[in-house]
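Residue-level structure breakdown
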Amino acid sequence: MLEVAHRIELELLMRTFLGMEPPDRVMRQLASVVRDFDAPPGTVLYERGDPPGELFMIADGTVALIGEDGSRWVFEGQSLVGVLDSTLDRPMTRRAVVETRAHGARLMLADYLDVLDDNFDFAKTAMERGCRMVHENALALAPDHVFPPPSEDPILDERGGDPRPLEMVERLMVLHRSSLFDAAPLQPLASLAALAEEERWEAGDVIERQGETSMYLRCVASGSVCAERDDPRVVADFGPSDVVAGIAALGLTEAGYTIRATRPTRTLKLLKEDLFDVAEDHFGLMGTFFRCNGLENERIRNLGSALDRVD
Amino acid sequence: MGALTRFIDLRAGEAALLVKSALTLFGLIAAHTMLETARDALFLQRLPADRLPFVYVLLAGLALIVSRANTRFVRRFGRRNALIFTLFAAAYGTTVLFLLPRTDAVVFGLYAWSGLLGSVLVVQFWMYAGQTFTVAQGKRLFGPITAGGVLGAVAGASFSVAALQFTDVHHLLVVGSVVLVATAMLLTTAPLDEVKEAPGATKANESRRSFFRLFSEQPYLLRLSGLIALSTAALLITDYLFKSVARANHSPDELGTFFAGYYAVLNVAALLVQLFVGGKVVRRAGVIAAFSVLPMLLLAGSIGTVIAGGAMLAVLLTKGAEGSLKHSLHRIASELLWMPLPDHVRTESKVIVDTVFVRGAQALTATGLLGLAMFELDRPQVLGAILTAMCLLWLAMSMRLRHWYLGLFRRALHRVTPEQRTAPIELDIRSVEVVVEALSSREPERSISAIELLVSNHRTRLIPALILYHESPEVLVRALPAVSTETRQDWIPLAERLLEHEVEEVRIAALRALAGAGVASAIERRLLDLRPRVRAHAAFWLAHLDDAPPQDEAGVQQILAMANDEHGRDAKVGLLEAIESAGDTRWSDVLMVMCEEETDAFVEPLVLAISRVQDPRFIPRLIDRLRYRANRGVVREAIVSMGDEALDALVERLRDDGTDIRILRHIPRTISRFGTQRAADILTGLLVDETPGRIRYKVLRGLGRLVSEQPVRVDRLHIERRIEINLIEALRLTAMSLPLHQPLADQAQHARAGREMLVELLEDKAEQAMERAFRLLQIAHRTEDIHSVSFAVSSTEKRVRAQALEYLDALTLDAAVPAIRDLLRIVVDDLSPAERVLRAAAFLPAPPRDAEAALSILLHENDSALANLAGYHALQLGLKTLRQSVITATEERPVLASLRTLIDLTADLSGAPTHA
């Protein structure tokens, strides 16, 4: 049993770290599974190749993640380190070294996910916040590459411009092929496929305007759409099986982009409320979102590092 | 391998290890039996029998020294190597003793040497077996391994008898040494065990760790040791009883023949029990029950002995029980009882218990028997009565041991119990210092965290009023409601300053705090605020502190009459926020008016305000609101606060077929928040097949949360039936997926993708059924940590999985639905999916013989996604028979209607007729 003062210190640390007024139940659960750490400069939190699973909440100080190629990602206070490899369940790909004395809490990913599963609203808030942060990073670091290149492989057999509506199995296949859902368990995807509504657009149709309340997530079934915004200027295309605006769409409460169809297009529309209702019963789906956001984070950071080297 | 698996539940990769282990025990016991024969004969040839007690004392002392050395040795080199070393050392020492002249001292030493070897070798062997095999393997394989030992005893004794016809007894020492060397050589081919440091066992603390401390830290070890000592004493009394009655009933000339014949029968009985009964009893009845079989039989025998006045038959039966079970079932159960102990505890304590405790118990019992004999009380009836008492105590201690046995598994599997996770923290002086330091932090996040922590621990008095000088508006907004409690006045002057703060939120928070404390001047000052939202708060307080109905107040009427432009919306939001923070039922009519506006402009604050006033008239509106995630928690709290009337309304909505699914699926969890026995009964009643699957899962989660938080009762039989249904469902789905793992024909890429999706969906659904079963198990055993067990079941470590299996096996021993114990064993044990399905045959419908049959069955699944995917894949394959099955299924089942288009589209692929 932790000493009370010690546990209080940890709880304070995490309340400060999480910064989104987590419910008391969550705080108590988290406080019971974390340990604090206070590391002087030079301390190695983990090595490349170490088994995944442990997360480090950096309250203050600086930690550098050094890749095999020498690239450095530097994290300061209020950062979560180790989460990327852990959510992808792969050996640590970077070496974590404390640069200026760091203080924080460490916990196992399995315990963290356990707490999230038990407190879905908190999990949802954490996920949305994570998606927003990664997207903001993308806008700041690599505005020309905020989204990966569009998919161009057709999924559906649309012989003769098939006008029939998509069958349930086809909707499932479209979702299953998208990068947001490709690692998701099939059972919740089947539920989502049943809830998804098909929309048809002609070239030039505006699907969503920037600034409108964003209640839906859209997945392109066929055709293509373009997302645009200013400040910073971003233009991105999305093709078959792409989720429009990617994982960022999950974190945005109002549309961050104006979306237009660039040719005859079919999309599957999912009410975010439905999506989270399904995820509440199938926490594996939520795990997929965390994983996907982790991959996106890695892509952006790698792009950032590459751009640094070019500079 | 085939012959072995016919009698033994053997899994892939276990055969070689089993044979080596059984042969090792065979060699070890055979050699020891030969040494024993030689030492008994040589000792009694040269020395009188009254020297034996001295050897016993010497043995106990030596055992203590050797056990400590053994612990260090095992820790450093591993158990296998320790055993190999001991075997070689035993062979060497025995050979030396053979070569020495046979003096009194050498004979004395030989007796002590062989006695010591007998203890140490057997203990080391079982320590090695305990490390090599998991508890689940032990239950299956310790029986056959122990049979090797029994055979070794028979072989050793038979060889000795035969050899003595041709040679002198002391030559048995050489033969024994050779067997020991051969056994050691064999063991070198067995896998090495992992040498693990005890957790936290640094050199510094190792030296401090005392044997007694180990016992005080491990109450289970203390009880197990007591039981072993007690059973040793009871078995010695049984032996004494048997021998004294035999001596009384047979002449000295007949004794040899009698013993030889009787022991031969016992050896055969022991072997049969070992091979055919031991393992099965352990697996069926569990370890503790298996450990209780011997005392139960001894108890029956001893009572019979007392009643029959020491009749030979009763004594023979008593000894028969001991002889046939001691080295078979009892040995297996005893060794398995050591398995849940942590590795380092076993290493440090087993040798001591199995040598010092056992020898000590024998010495004490022998002294007691000597005392009885001196007073001529060693009569069969007296011995029978003593044995009866000891067996009763043995049984009672065994029954109590179950609690500690489960407890050890609980500890091994445990992560953090739900109670620990949600237990509030009791602040002490040091922690208060930490929080107060955090309160004064300039970082708003840290300061706010400290305020929240104190609020959640009901210790707001610790927040100094001076925090209202904090420069951060966020901190001020959070601190004002925290410090403005009824018992405090110190904050008021400081809050008055904040009525003029530049940030609107701070002015509102200050107004709310001051008005709540009855400072009327604050209201007047803010009635003229520039912002409509702040003015609305002031209007609320003005009306709230008045006796007249709020809707009659001019300020309130003015706000209600405002248009829904920017100013009007701000004012209405402000009024609703104020009602949410301090309103009561008097405000219901105002809210009714605002409800009629049917606008999205202030829907969220309206719901929160409705939640606050607790007027039953709003129950239907609140239930409707459950469809939205935002503020669902607040809405639920509001519904719960309205008691039984709200609960009845929820049940009514559940039964109403017209209720929107988006509302329906959140009703179970809302019911669970009531936390009452009635809520638990309603939810338990909903766990039936008639409830749609998606709602049933919500019911399950709601009931799970309710049971974990409140001391409610659940109908265990009903829950266990649901566990059975879910486990069978998991196995059935596994059976359906098996034939689909192999491609049916030369499948094209798209057909392979369809098959893979179908298999994945079946596996997902099987996993879900398992998850539901574990959630139900948690409901049935609310004080257990089943969550950690389900986590352990999917562990990558075999030993952890085995512990989970043994825990579940022991936990479900007294299940009202006995099938769940068998089903859990099948789904949790280390088995391939095909083997699981095979073992579950009695619970499942006949599994599909091939993929085509599987697809035909799946077309009729209740789950429409599964049926549709099966139909889709069937059409992809282009097989005529399957295609016809799909056509028939679409005609019978409306949920498959979407397949009709695909039937038409694929008609040209198969040349088959299209859908009619």
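Since we're looking at a predicted model, the values are computed, not measured.

1. Considerations on the overall build of chain B
What chain B contains, in helices and strands, is 46 helices and 0 strands. Here the C-alpha coordinates of chain B stretch approximately 120 × 85 × 55 Å along the principal axes. Expressed as a percentage of the 916 residues in chain B, the buried residues total 44%.

2. A closer look at the interface of chain B and chain A
How big an interface is tends to be reported as the loss of accessible area on association of its parts. Taken together, the contacts link 41 residues of chain B with 33 residues of chain A. Those elements that provide at least two residues to the side of chain B that touches chain A are helix H17 (418-422), helix H18 (429-439), helix H19 (444-456), helix H37 (749-780), helix H43 (864-877) and helix H45 (899-905) of chain B. Ranked by residues supplied to the side of chain B that touches chain A, first place goes to H19(B) with 7 residues. When its residues are assigned to classes, the side of chain B that touches chain A shows 18 nonpolar, 10 polar and 13 charged.

3. Things to note about helix H5 (residues 120-141) of chain A
Look at H5(A): 31 Å from first C-alpha to last across 22 residues, which is about the 32 Å you get at 1.5 Å a residue. Among the residues of H5(A), Phe122(A), Ala123(A), Ala126(A), Met127(A), Gly130(A), Cys131(A), Val134(A), His135(A) and Ala138(A) are the ones counted as buried.

4. Considerations on the environment of Arg48(A)
Residue and element names in this part refer to chain A. Assignment of secondary structure puts Arg48 in the loop between strand E2 (44-46) and strand E3 (54-66). Through-space distance from the C-alpha of Arg48 to that of Glu68 is 8.0 Å; in sequence the pair is 20 residues apart. If we skip the residues at most four places from it in the chain, Arg48 touches Glu68, Met92, Thr93, Arg94 and Arg95.

5. Some remarks on unusual backbone geometry
Residues and elements named next belong to chain A. Backbone torsion omega between Asp231 and Pro232 reads -5°, so that peptide bond is classified as cis. Note on placement: Pro232 falls in the loop between strand E10 (225-229) and strand E11 (234-238). Despite not being glycine, Asp231 has its phi angle at roughly 50°, a positive value. Examined against the element boundaries, Asp231 turns out to sit in the loop between E10 and E11. Although it is not a glycine, Ser241 sits at a positive phi angle of roughly 80°.

6. Re the environment of Ile903(B)
Residue and element names in this part refer to chain B. Position of Ile903 among the secondary structure elements: in helix H45. The exposure class assigned to Ile903 is buried, which follows from the 21 C-beta atoms found within 10 Å. Along the sequence, Ile903 and Gly685 sit 218 residues apart, while their C-alpha atoms lie 42 Å from each other.

7. Observations concerning the sheet that holds strand E9 (residues 216-222) of chain A
Residue and element names in this part refer to chain A. On the basis of which strands lie adjacent, the open sheet formed by 3 strands has the order E7-E13-E9 and antiparallel pairing. Since the sheet does not close on itself, it has two edges, and those belong to strand E7 (197-201) and E9, each with one partner. Neighbour-to-neighbour, the strand axes of the sheet open up by a mean angle of 30°, direction not taken into account. Two strands pair when backbone bridges link them, and E9 and strand E13 (residues 265-271) are joined in this way by 6 bridges, in the antiparallel orientation. Bridge pairing links Val220 to Thr267 in E13. Sitting on the sheet, helix H9 (residues 272-281) is in contact with E9 and E13, with an inclination near 60° to E13.

8. As for the sheet that holds strand E8 (residues 206-208) of chain A
All names here are of chain A. Pairing is antiparallel in the open sheet, where 4 strands are placed in the order E8-E12-E10-E11. The sheet is open, and its two edges are formed by E8 and E11, each paired on a single side. Here the strands of the sheet are splayed against their neighbours by 25° on average, with no regard to which way each runs. Across 4 bridges, E10 lies against strand E12 (residues 258-261) in antiparallel orientation. Bridge pairing in E12 places Cys226 opposite Arg260.

9. Side note on the pairing of E3(A)
Residues and elements named next belong to chain A. Looking at chain direction, E3 and strand E6 (residues 95-108) are connected through 11 bridges and run antiparallel. Within E6, the position partnered with Glu54 by the bridge is Met108. Here 3 bridges tie E3 to strand E5 (residues 79-81), and the two strands are oriented antiparallel to one another. Directly across from Met57, in E5, lies its bridge partner Leu80. With 4 bridges connecting them, E3 and strand E4 (residues 72-75) associate as antiparallel partners.

10. Overview of the confidence of the model for chain A
When pLDDT is averaged along chain A, the result is 86, and 92% of the positions lie at 70 or above. Ranking the elements of chain A by mean pLDDT puts helix H1 (residues 4-18) of chain A last with 73 and E12(A) first with 96.

11. Looking at helix H2 (residues 24-31) of chain A
Burial runs high along H2(A): 6 of the 8 residues are buried. What H2(A) keeps buried is the set Val26(A), Met27(A), Arg28(A), Gln29(A), Leu30(A) and Ala31(A).

12. Some points on the nonpolar core
In this structure, Met14(A), Ala510(B) and Leu727(B) are the most contacted members of the largest nonpolar core, which totals 347 residues. For this core, the leading source of residues is helix H5 (residues 104-132) of chain B, giving 14 residues. Here Leu727(B) is in contact with Ala773(B), Ile820(B), Leu823(B), Leu824(B) and Val827(B), once residues within four sequence places are set aside.

13. Points about the packing of helix H2 (residues 15-46) of chain B against helix H6 (residues 135-163) of chain B
Packed helices, taken two at a time, are described by the angle between their axes plus the distance between the axes. Residue and element names in this part refer to chain B. At a minimum axis separation of 7 Å, H2 and H6 run at an interaxial angle of 30°. Pair H2 / H6 crosses with right-handed handedness. Here the contact of H2 with H6 is composed, by residue class, of 19 nonpolar, 9 polar and no charged.

Reading guide: rules and limits
Residues numbered from 1 in each chain as written. Chains lettered and ligands numbered in written order. Predicted model: local features only at pLDDT ≥ 70, side-chain atom pairs only at ≥ 80, totals over all residues. Helix = DSSP H or I, 4+ residues; strand = E, 2+ residues; numbered from the N terminus. Buried ≥ 20, exposed ≤ 12 C-beta atoms within 10 Å, placed from the backbone. Contact = placed C-beta atoms within 7 Å. Nonpolar A, V, L, I, M, F, W, Y, C, P; charged D, E, K, R; others polar. Expected span 1.5 Å × (residues − 1). Pairing = 2+ DSSP bridges. Axes fitted to C-alpha atoms, helices over the stretch in contact; angles between N-to-C directions. pLDDT = per-residue confidence, 0-100. Core = buried A, V, L, I, M, F, W, Y, C linked by C-beta atoms within 7 Å. Left-handed = near helix turned anticlockwise from the far one by under 90°.

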